[in-house]
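# Breakdown of the fold
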Amino acid sequence: MAEPAETVALPAPVDKLLAATVARRFYLEQWSKVEIAKELGISRFKVARLLDAAVAHDIVRIDITVPAEIDVPLGRAVTERFGLRHGLVVDLGHSEGGWASPADQRRGVRWLGTAAARLVSEIAEEGDVLGLDGSHAVDALSEAVTRLPPCDVVQLTGVHGRDLAHDAAIAAVRRTAAAGGGRAFPLHTPFLLPDAATAAVLRSQPATAEALGRFGRVTKAVVGVGAWDAPQSPLYDALSERERQALREAGACAEVAGHVLDAEGRLLPTGLDARAIAVSAAELRGVAELIGVTAGGHGTGAVRAVLRSGLLTGVVTDATTARRLLRDEDPDGTTVSLLRGEDPDDMTVSLLREEDTDGTTVHRRLREEDLDGTTAHRRLREEDPGSMAAHRRLRHDDLDDTTASRLLRREDPDDAPRTAPSSRPPERGQR
């Protein structure tokens, strides 16, 4: 016996010529729905239906050419887990294995730099002194930033290449300063010199001394974060094999602005301070807002080390690295669940135990997300006057259906259900 053919729901019939006309006016000519309705003699509601139909019937194809997007819940989870002020996570659409090729990595760094530019534009204020190191991520930031409040921009590390006049780090400082109309203070010196005496002579040069003298005034800074022995690490390339081996034995794991850290985030003495033209570790710790931008790929251990150091107040990273960080920092078996729910403007990150069916973790999460005393019940009631949404959402994670109401009453005593009038007759003497 033949099986019945599977039925496929097809879009409702539509006047394709009219739908195309409406779509052309709306998407290409930027007409409003009211203007289109007036021209065609139809209601604006029909205009809206025709626009939906134009997409359903493939009359209009929407193609988003940017392959990245901001993952707000994951960024919030990273911010909370590591005690940061800013956590910006970019979903680059690559697999858990990281970037497959150098070209993928370059594209990834470009989008991370773009996200960092967005963050800096939001937090920078007039009069700030912005510090930038010579990382690839900062170079990408400088190409993406379009507007800043007036602020000076200082280069935090010397040049890693041979061209001291046109190095990418110098160009990045100048581009970023131009975005805000501020002054640029580049370092036309190598990052690492052959000996301390040569480094001292270069530090005394007027232009270099002027830039170095502003390190202590830096209020916000952006630095690259990566593995200390990564192929793109300028520090690793500048070291002798003997120096590299000494750092390996000391447990070197990460590099940030020319400084090496072990897996626990402790700064390792390299013996290079006297030879290096770069911001000191003490000056980095003195920066009020220090944003680290990761290189993605397989450098999760390096990112974790820098986060543990306490140097950073913010991080910009990719979604794969963020998930690995949260997973590795979760030794008690909790899992990270990204819940967007029915309320996209209030996306939350819920850390729920897989075995939790009695509602206790939901209770704890409501307290964490509700510091001002306004419970999820009251918040959801803004969109659900019947106050039923909060109960329904909790019952989704509360299979025995007994905890939801109890939790809401406990968290929100002013909103507890009123006791129904008693049906017992009044006692004698109380009539």
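In what follows, the accompanying structure is described. (Residues numbered from 1 in each chain as written. Predicted model: local features only at pLDDT ≥ 70, side-chain atom pairs only at ≥ 80, totals over all residues. Heavy atoms only, no water.)

In terms of regular secondary structure, the protein is built from 18 helices and 13 strands. Looking at the protein as a whole, 45% of its 431 residues are labelled buried. A sequence separation of at least 24 residues applies to 65% of the contacts in the protein between residues at least 6 apart. (Helix = DSSP H or I, 4+ residues; strand = E, 2+ residues; numbered from the N terminus. Buried < 20%, exposed > 50% of the residue type's maximum accessible area, 1.4 Å probe, protein only. Contact = heavy atoms within 4.5 Å.)

Using the criterion set out here, one finds 13 salt bridges in the structure. Here Asp58 makes a salt bridge to Arg61, at a shortest N to O gap of 3.1 Å. On the accessibility criterion, Asp58 (44% relative accessible area) is partly exposed. Owing to a relative accessible area of 68%, Arg61 belongs among the exposed residues under this scheme. One salt bridge in this structure joins Asp139 and Arg175, with 2.8 Å as the shortest N-O distance. With Asp139 in helix H6 (residues 136–144) and Arg175 in helix H7 (residues 168–180), this pair connects stretches of sequence that are 36 residues apart. Residues joined in a network through salt bridges with shared partners are Arg25, Glu29 and Glu39. (Salt bridge = Lys/Arg side-chain N within 4 Å of Asp/Glu carboxyl O.)

Turning our eyes to something else, we now look at the environment of Leu311. As for its position among the elements, Leu311 is in the loop between helix H13 (300–309) and strand S11 (314–318). With 30 residues separating them in the primary sequence, Leu311 and Ala281 have C-alpha atoms 8.9 Å apart. For Leu311, the residues in contact, after removing those within four places along its chain, are Val256, Leu261, Leu284, Arg285, Leu290 and Val306.

Another point: the packing of H13 against helix H14 (residues 319–328). Running from N to C, H13 and H14 point in directions that differ by 65 degrees, and their axes come no closer than 10 Å. The crossing of H13 and H14 is right-handed. Across the interface between the two elements, Thr300, Val303, Arg304 and Leu307 of H13 pack against Thr321, Arg324, Leu325 and Asp328 of H14. (Axes fitted to C-alpha atoms, helices over the stretch in contact; angles between N-to-C directions. Left-handed = near helix turned anticlockwise from the far one by under 90°.)

Under the definition given, this model contains two aromatic pairs. Between Phe26 and Tyr27, the aromatic rings sit 5.1 Å apart at their centres with planes inclined by 85 degrees, giving edge-to-face as the arrangement. Overall, the relative accessible area of 34% leaves Tyr27 in the partly exposed class. Taken together, a centroid distance of 5.3 Å and an interplanar angle of 70 degrees make the contact between Trp228 and Tyr236 edge-to-face. The same class applies to Trp228 as to Tyr236, namely buried. (Phe/Tyr/Trp six-rings, centres within 6.5 Å; stacked < 30°, edge-to-face > 60°.)

Among the secondary structure elements, Thr321 is positioned in helix H14. For Thr321, a relative accessible area of 1% translates into the label buried. In this structure the side chain of Thr321 is engaged in a polar contact, spanning 2.7 Å, whose partner is the side chain of Asp318. (Polar contact = N/O pair within 3.5 Å; in protein donor to acceptor, adjacent residues only side chain to side chain.)

Another aspect to go through is unusual backbone geometry. With glycine set apart, most residues show a phi of negative sign, and most peptide bonds adopt trans. Unusually for a residue other than glycine, Gln30 sits at a positive phi of about 60 degrees. One can find Gln30 in the loop between helix H1 (16–28) and helix H2 (33–40). Even without being a glycine, Asp58 presents a positive backbone phi close to 65 degrees. Of note, Asp58 is situated in the loop between helix H3 (44–56) and strand S1 (69–70).

Before going further, it helps to examine the nonpolar core. Membership of the largest hydrophobic core comes to 42 residues, with the highest contact counts inside it found for Val78, Leu156, Phe215, Leu290 and Leu307. Those elements giving two or more residues to this core turn out to be helix H4 (72–82), helix H9 (206–212), strand S6 (220–227), strand S7 (252–256), H13 and H14. For this core, the element with the most residues is H13, which contributes five residues. One finds Leu92, Leu130, Leu132 and Leu141 within the second-largest nonpolar core, a separate group that totals 30 residues. (Core = buried A, V, L, I, M, F, W, Y, C linked by side-chain atoms within 4.5 Å.)

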